[in-house]
Number of protein chains: 2
Amino acid sequence: MKSVLILGTGLLGTSAGLALHAAGFTDAIAGWDRDPNQLQIALERGAVTEKVTDPIAAAQQADVILLSGPVFAIIDWMEKLSTILKPCQLVTDVGSTKSQITALATRFFNQSGRAAFLPGHPMAGREVSGAANAEAAIFRNAVWLFTPLADWQREPKAEQLIQDWQTWISAFGCRVLELEAQRHDELCAWVSHLPQFVSTALSALLENQFGTAEDMRAIGGRALREMTRLGASPYSMWRDVAHTNAEAISSALMALEQRLTHIRENLKTPELREEFELANRFRLPPRQSTSTEDK
Amino acid sequence: MKSVLILGTGLLGTSAGLALHAAGFTDAIAGWDRDPNQLQIALERGAVTEKVTDPIAAAQQADVILLSGPVFAIIDWMEKLSTILKPCQLVTDVGSTKSQITALATRFFNQSGRAAFLPGHPMAGREVSGAANAEAAIFRNAVWLFTPLADWQREPKAEQLIQDWQTWISAFGCRVLELEAQRHDELCAWVSHLPQFVSTALSALLENQFGTAEDMRAIGGRALREMTRLGASPYSMWRDVAHTNAEAISSALMALEQRLTHIRENLKTPELREEFELANRFRLPPRQSTSTEDK
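Residues numbered from 1 in each chain as written. Chains lettered and ligands numbered in written order. Predicted model: local features only at pLDDT ≥ 70, side-chain atom pairs only at ≥ 80, totals over all residues. Heavy atoms only, no water.

### Some details on the overall build of chain A
Scanning chain A for helices and strands turns up 12 helices and nine strands. In terms of C-alpha radius of gyration, chain A reaches 21 Å, essentially the compact-globule figure of 19 Å for 295 residues. Reported as C-alpha extents along the three principal axes, the dimensions of chain A are approximately 65 × 40 × 30 Å. A burial count over chain A gives 60% of its 295 residues as buried. Restricting to contacts in chain A with at least 6 residues of sequence separation, those with at least 24 account for 75%. Accessible surface for chain A amounts to roughly 11,600 Å². Of this, 47% is attributable to carbon and sulfur atoms. (Helix = DSSP H or I, 4+ residues; strand = E, 2+ residues; numbered from the N terminus. Rg over C-alpha atoms; globule rule 2.2 N^0.38 Å. Buried < 20%, exposed > 50% of the residue type's maximum accessible area, 1.4 Å probe, protein only. Contact = heavy atoms within 4.5 Å. Areas by Shrake-Rupley, 256 points an atom, 1.4 Å probe, with all protein chains shown as cover.)

### A closer look at the interface of chain A and chain B
Think of interface size as the accessible area that goes away when the parts come together; that is how it is often given. Opposite the 88 residues of chain A that make contact, chain B presents 87 residues. Of the roughly 8,800 Å² buried where chain A meets chain B, counting both sides, 70% is carbon and sulfur surface. Along the contact surface separating chain A from chain B lie six salt bridges. Across the pair Asp215 of chain A and Arg183 of chain B runs a salt bridge whose closest N-O atoms are separated by 2.7 Å. Looking at the side of chain A that touches chain B, the elements with two or more residues in it are β8 (143–146), β9 (175–178), α7 (181–210), α8 (214–219), α9 (222–228), α10 (235–244), α11 (246–265) and α12 (271–281) of chain A. Along the lines of polarity and charge, the residues of the side of chain A that touches chain B split into 50 nonpolar, 16 polar and 22 charged. (Buried area = accessible area lost by both parts, 1.4 Å probe. Salt bridge = Lys/Arg side-chain N within 4 Å of Asp/Glu carboxyl O. Nonpolar A, V, L, I, M, F, W, Y, C, P; charged D, E, K, R; others polar.)

### Observations regarding helix α2 (residues 36–44) of chain B
Residues and elements named next belong to chain B. Of all the positions in α2, only Gln38, Leu39 and Ala42 are classed as buried. Axial view of α2: buried residues confined to an arc of 100°, hence all on one face. For α2, exposure combined with an orientation more than 90 degrees from the buried face picks out Pro36, Asn37 and Glu44. Where α2 is buried, its residues touch α1 (11–22), β2 (28–32) and β3 (50–51). Its side-chain oxygen at 2.9 Å from the backbone nitrogen of Asn37, Asp35 defines the N-terminal cap of α2. (Arc of directions from axis to C-beta. Polar contact = N/O pair within 3.5 Å; in protein donor to acceptor, adjacent residues only side chain to side chain.)

### Here's the deal with the nonpolar core
Of all hydrophobic cores here, the largest spans 80 residues; its most connected members are Trp190, Phe197 and Leu256 of chain A together with Trp190, Phe197 and Leu256 of chain B. Setting aside residues up to four positions removed in sequence, Phe197 of chain A forms contacts with Trp238, Ala242, Ile249 and Leu253 of chain A together with Leu260, Ile263, Leu267, Leu272 and Phe276 of chain B. (Core = buried A, V, L, I, M, F, W, Y, C linked by side-chain atoms within 4.5 Å.)

### Quick notes on the relation of the copies chain A and chain B
Overlay of chain A on chain B (RMSD 0.0 Å): rotation 180°, translation along the axis 0.0 Å. Such values leave the two copies arranged in the relation of a two-fold axis. A share of 99% of interface residues in chain A that are also interface residues in chain B marks the association as one of identical surfaces. (Least-squares fit on C-alpha atoms with pLDDT ≥ 70 in both.)

### Considerations on the pairing of strand β5 (residues 90–93) of chain A
Residue and element names in this part refer to chain A. Side chains of β5 alternate between two faces, with Leu90 and Thr92 and Val91 and Asp93 buried alike. As paired strands, strand β4 (residues 64–67) and β5 are joined by four bridges and run parallel to one another. In the strand pairing of β5, Ile65 is matched with Val91. Note that the unit made of β4, helix α4 (residues 71–81) and β5 has a crossover that is right-handed. This β-α-β element, β5 to helix α5 (residues 99–108) to strand β6 (residues 116–118), shows right-handed connectivity. (Pairing = 2+ DSSP bridges. Right-handed = clockwise from strand over helix to strand, strands pointing away.)

### Quick notes on the side chain of Lys98 of chain B
Residues and elements named next belong to chain B. Mapped onto the secondary structure, Lys98 falls in the loop between β5 (90–93) and α5 (99–108). Overall, the relative accessible area of 0% leaves Lys98 in the buried class. Within the local environment of Lys98, its side chain forms a polar contact with the side chain of Asp93, the two groups lying 2.9 Å apart. Aside from chain neighbours lying at most four places away, what touches Lys98 is Asp93, Pro119, Gly120, His121, Thr147, Ala181, His184 and Asp185.

### So, the environment of Val4 of chain B
Residue and element names in this part refer to chain B. Take Val4: it is sitting in strand β1 (residues 3–7). With 70 residues separating them along the chain, Val4 and Ile74 place their C-alpha atoms 16 Å apart. Apart from the residues within four sequence positions on either side, Val4 is in contact with Leu20, Phe25, Ala28, Ile29, Ala30, Ala62 and Val64.

### Observations regarding the sheet that holds strand β8 (residues 143–146) of chain B
Residues and elements named next belong to chain B. Ordered in space as β7-β8-β9, the three strands form an open sheet in which the pairing is mixed. Each end of this open sheet is capped by a strand with a single partner; those strands are β7 (120–122) and β9 (175–178). Strand-to-strand twist in this sheet, taken as the mean axis angle between neighbours without regard to direction, amounts to 20°. In terms of strand pairing, β7 meets β8 through three bridges, oriented antiparallel. Of the residues in β8, the one forming a bridge with Pro122 is Trp144. Against the sheet, helix α6 (residues 156–171) contacts β8 and β9, and its axis sits at roughly 160° relative to β8. (Axes fitted to C-alpha atoms, helices over the stretch in contact; angles between N-to-C directions.)

### Quick look at unusual backbone geometry
All names here are of chain A. Positioned with a positive phi, Asn110 is a non-glycine residue whose angle comes to about 60°. Of note, Asn110 is situated in the loop between α5 and β6. Overall, the relative accessible area of 6% leaves Asn110 in the buried class.

### Side note on helix α6 (residues 156–171) of chain A
Residues and elements named next belong to chain A. The end-to-end C-alpha distance of α6, which contains 16 residues, comes to 23 Å, matching closely the 22 Å that a straight helix rising 1.5 Å per residue would cover. Along α6, the positions that sit buried rather than exposed are Ala158, Leu161, Ile162, Asp164, Trp165, Trp168 and Ile169. Buried residues of α6, viewed axially, fall in a sector of 165°; they line one side. Set apart from the buried face of α6 by more than 90 degrees, the exposed residues are Pro156 and Thr167. Against α1 (11–22), β4, β5, β6, β8 and β9 lie the buried residues of α6. Positive backbone phi, approximately 100°, marks Gly173, located one or two places after α6. (Expected span 1.5 Å × (residues − 1).)

### Digging into the confidence of the model for chain A
Residues and elements named next belong to chain A. Averaged over every residue, the pLDDT of chain A is 93; residues scoring 70 or more account for 96%. Scored below 50 in pLDDT, residues 290–295 makes 19 contacts in the model with residues more than four places away or belonging to other chains. For this predicted complex, the interface confidence reaches an ipTM of 0.92, while the overall pTM sits at 0.92. (pLDDT = per-residue confidence, 0-100.)

### Side note on the pairing of β8 of chain A
Within a regular strand, side chains alternate between the sheet's two faces. Residues and elements named next belong to chain A. In β8, alternate side chains face the same way, and those of Val143 and Leu145 on one face and Trp144 and Phe146 on the other are all buried. Strand direction decides the pairing type here: β8 and β9, joined by four bridges, are parallel. Looking across to β9, one finds that Trp144 is bridged to Val176.

### Here's the deal with the sheet that holds β5 of chain B
Residue and element names in this part refer to chain B. Overall, parallel pairing links the six strands, which are arranged β3-β2-β1-β4-β5-β6 in an open sheet. Here the strands that pair on one side only, and so sit at the sheet edges, are β3 and β6 (116–118). Note that β2 and β3 share two bridges and pair parallel. The residue of β3 that forms the bridge with Ala30 is Glu50.

So this is what it looks like as structure tokens:
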């Protein structure tokens, strides 16, 4: 992997550029963003080594093209790039949902005469967006998921680029995991999308209910802060997640609504004990801290 | 304030003893707990200087009696102590809801011939309970709320003890705030109780849905961790909160259920943008970290 082009130098694209440099990548990293300010920040922060004005021409020159941004922006690029790249090139992405992107990767890429496409998703992010908030450490101890693509014909060069890309990602401090696209979207509906929509709902509700009431804000502690942190997340990204994973998100939301109703109806009955005991059994593996979490 | 008795040496009671010592209190701190193990841990950790076997007799000797534990345990102690203390003594508490405790404080205390009672509530806690998890730093940068009691007759000694107690609490690193009992319970329903029940619901749901599925746990990141942290909270404490603030909690839960339904029904409509924009406007003041939050 001698040259990289990052299409979309927002939070994740710029963080990937910073992480490549931090891990010792010394070749060119070209960058493009539809917002010239984001691209300028990415350049000034050293995430990219050059700004690109013609992203199509630049894509034809890069070994690896990283598509970064909301899911529909990634899909747009997949359509634009599908016919103009060579089989020795690799396209990969950081999109939050994977079923549609993986289906398009099978349809538009990964076949005779077409470039390779490796659908990817770093389980890293922040409630704030933009190149200014990017940092290499966002990926430390995170999981970077890839969805497997069956039976595709790879050029040896493209196969090598996949290995190279995953080696760099490991050097970012990520754990590389494979997860089938449908399972990815189902799991993410529960562990990522549901928390986001709950946090949005709770933040919107509190804003409606209390406006600027200072006593509410004065007594809100860690619990409130954690539960509303993601309320600051941008619509632009989550619109695409909601559109491309609506069914799984809808199921998860409905299940939670029913569970909350059950708790509400049993605030004074022994059923509440059963809910707490079940919740007490839920365990996540011990956390590995990242610099981002310490903020 | 020359002598303190802590009735209930669990997480908050033991933390208060540790905080008193850390802030320079050098007189006796007696302790009692219905669980001898908790009391032994509190003694070994230096939170109390002596173990009490007859809490009623010990209460008659203490300047300040701190009632710590679930709300109904505090209420039990209020009933037991109301007639046996002297007007120069102060009773205070750390109970999570304040309407019932404040009503009883007016009825049983704070009148001619009775001891003073100052209803209090430190907005500090952890999802784990017990003396072993206590620490002085739990109160650093926290708010310690007191509900005002109108028109009560104080002995000068009791008035001095109130000032002393609040001075010590400030020395713990707490901000002392007054909040009327009804408003306290209404606000806490939103900023503390609702987050707890959402976290319990989500944790119970995930435990049901995924059991021990490792792929779900592997990809769960910071968002999931934050949203389920309070799922580990003990039923014993939250049962009393649910019973003594059921109406306000029920209203808050129903409002959130409706909001989640609204989001679910609008995953693909422009209404979703409005929810995100409203949520984006919700802001809490910048966080002041405590050692507990860094864990």
